[in-house]
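# Geometric and topological summary
Okay, here's what each chain looks like letter by letter:
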Amino acid sequence: MFGFLKKGLKKTIEAIQSAEPVKREKISRDELEDLLLEADVSYDLVEKIVESLPEKVNRTQLYNTLISLFIYKVERVEPSGQKPFVELIVGVNGAGKTTTIAKLAQKYKSEGKKVLLGAADTFRAAAIEQLKTWAEKLDVPIVYTKQGHDPSAVAYDAISSAKAKGIDHVIIDTAGRLHTQVNLAEELKKIVRVCNKALEGAPHRKILILDGTQGNSAINQARAFNEMIDIDGIIITKLDGTAKGGALFSIVEELKLPIYFVGVGERAEDLIPFDPKEFVDTILDAIFVEEKQKVPSSGKTHGVDVQNLNEDQFEKLGELLEKDGFELLSKHFVKSKESGKSYKIVPNPSLDSVEIRDGESVVKAYRAEELAANG
Ligand SMILES: Nc1nc2c(ncn2[C@@H]2O[C@H](COP(=O)(O)OP(=O)(O)O)[C@@H](O)[C@H]2O)c(=O)[nH]1
Ligand SMILES: [Mg+2]
């Protein structure tokens, strides 16, 4: 697996390196601004990122800031238990839905799971044919109907058939465009309702496919789909073909939805599970000489133990959390209310490492496990 993401991000890395060709230990905020913009991180987010950082930024500081963007408002949904596990794939035409369905089918198959496809993009005949071709190639069953027929019926039949055949995974394709946006919204909502009729709880995962070559402009699209049917997460396609990989930061920051996979090519194998840490590290490798994030072997050797802040440090941290302009900082820590009036400041449990800066370091980077061990 290792290295695939780096290959997929080749163009993005090239864009970063064209802005800042020389790797170094620290980078200035101005330089950072340039290269983030070059990688298509949205302007607003670039401003927000740099404002939380010191004049000279090292790898750990940037790592902590970037990784703290990956905080979601929904739980990650993973296939487990439910059989069949039903996934609904939505997105605009050309985003890569059908290709991604083939990739997912290939992945599940390689895990020894039984897969069935539902061709519920009945708007275009070519869409049905395309999925049928993939089904044949991957040797998985498919439920389809004629062009123009009710896509909800396809979804219903696909799930019913999967139940009868003991299938593990049902993946349902949908149309990306109908005569009007309202039609599309109504149709998608209906498909969701009908899935739930065929099998309570289905669809278990509603995935939005976004075309990575669109960069930030995919965000509005994503909002629209999220309003139609609450999306559980995103797959970004065509990362291999774009220098706009930095848009992933803005997409996650805006939508607060998990990215499950990224597509890095047209073949069925070209799907990589998305790991924020790997993503951030791959970007940082293009900027800093230091190859990998240095993780302190023991929290105690690095200055202050978060769990044991002295009074001054604790107060400082509290003040920082109250201030405006410290949104990124406050993602590192959350206030947990203790009995009645007093607050305890605890590291955000969804983060692995943290760093607080207020001119001078108050708290250095730690791993969450170490923090727990220290406590
Ligand atoms: N390079 C590249 N091309 C992709 C990727 N995913 C999809 N495509 C191509 O994008 C085009 C549209 O894909 P398709 O699955 O038909 O999109 P749909 O309309 O959303 O179903 C096709 O030519 C695919 O081969 C990817 O990850 N990388
Ligand atoms: Mg399609």
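Residues numbered from 1 in each chain as written. Chains lettered and ligands numbered in written order. Predicted model: local features only at pLDDT ≥ 70, side-chain atom pairs only at ≥ 80, totals over all residues.

### As for the site of ligand 1
Inspection of the region around ligand 1 gives 19 residues, with Gly96, Lys97, Thr98, Thr99 and Gly263 positioned closest. Ranked by residue count, the leading element in the shell around ligand 1 is helix α6 (residues 97-110), at three residues. Of the residues in the shell around ligand 1, the class split is three nonpolar, 11 polar and five charged. (Near = placed C-beta within 6 Å. Helix = DSSP H or I, 4+ residues; strand = E, 2+ residues; numbered from the N terminus. Nonpolar A, V, L, I, M, F, W, Y, C, P; charged D, E, K, R; others polar.)

### Some words on the pairing of strand β6 (residues 169-174)
Burial analysis of β6 places six of its six residues in the buried class, the great majority of the element. With burial as the criterion, each face of β6 is covered, one bearing His169, Ile171 and Asp173 and the other bearing Val170, Ile172 and Thr174. Bridging between strand β4 (residues 115-120) and β6 involves six bridges; their strand directions are parallel. Across the sheet, residue Ala120 finds its bridge partner in β6, namely Thr174. (Buried ≥ 20, exposed ≤ 12 C-beta atoms within 10 Å, placed from the backbone. Pairing = 2+ DSSP bridges.)

### Things to note about α6
Here α6 is 14 residues long and its end C-alpha atoms lie 20 Å apart, about the 20 Å a rise of 1.5 Å per residue gives. Most of α6 sits out of view: 11 of its 14 residues are buried. Listed in full, the buried residues belonging to α6 are Lys97, Thr98, Thr99, Thr100, Ile101, Ala102, Lys103, Leu104, Ala105, Gln106 and Tyr108. Within two residues after α6, Gly112 carries a phi angle of roughly 85 degrees, on the positive side. (Expected span 1.5 Å × (residues − 1).)

### Overview of the pairing of strand β7 (residues 205-211)
Of all seven residues that make up β7, seven are buried, and the element is covered over most of its length. Where burial is concerned, the two faces of β7 agree: the one with Arg205, Ile207, Ile209 and Asp211 and the one with Lys206, Leu208 and Leu210 are both buried. Bridge count between β7 and strand β8 (residues 233-237): five bridges; the pairing is parallel. Opposite Ile209, over in β8, you have Ile235 as the bridge partner. For the handedness criterion, the β-α-β arrangement of β7, helix α10 (residues 218-228) and β8 is classed as right-handed. (Right-handed = clockwise from strand over helix to strand, strands pointing away.)

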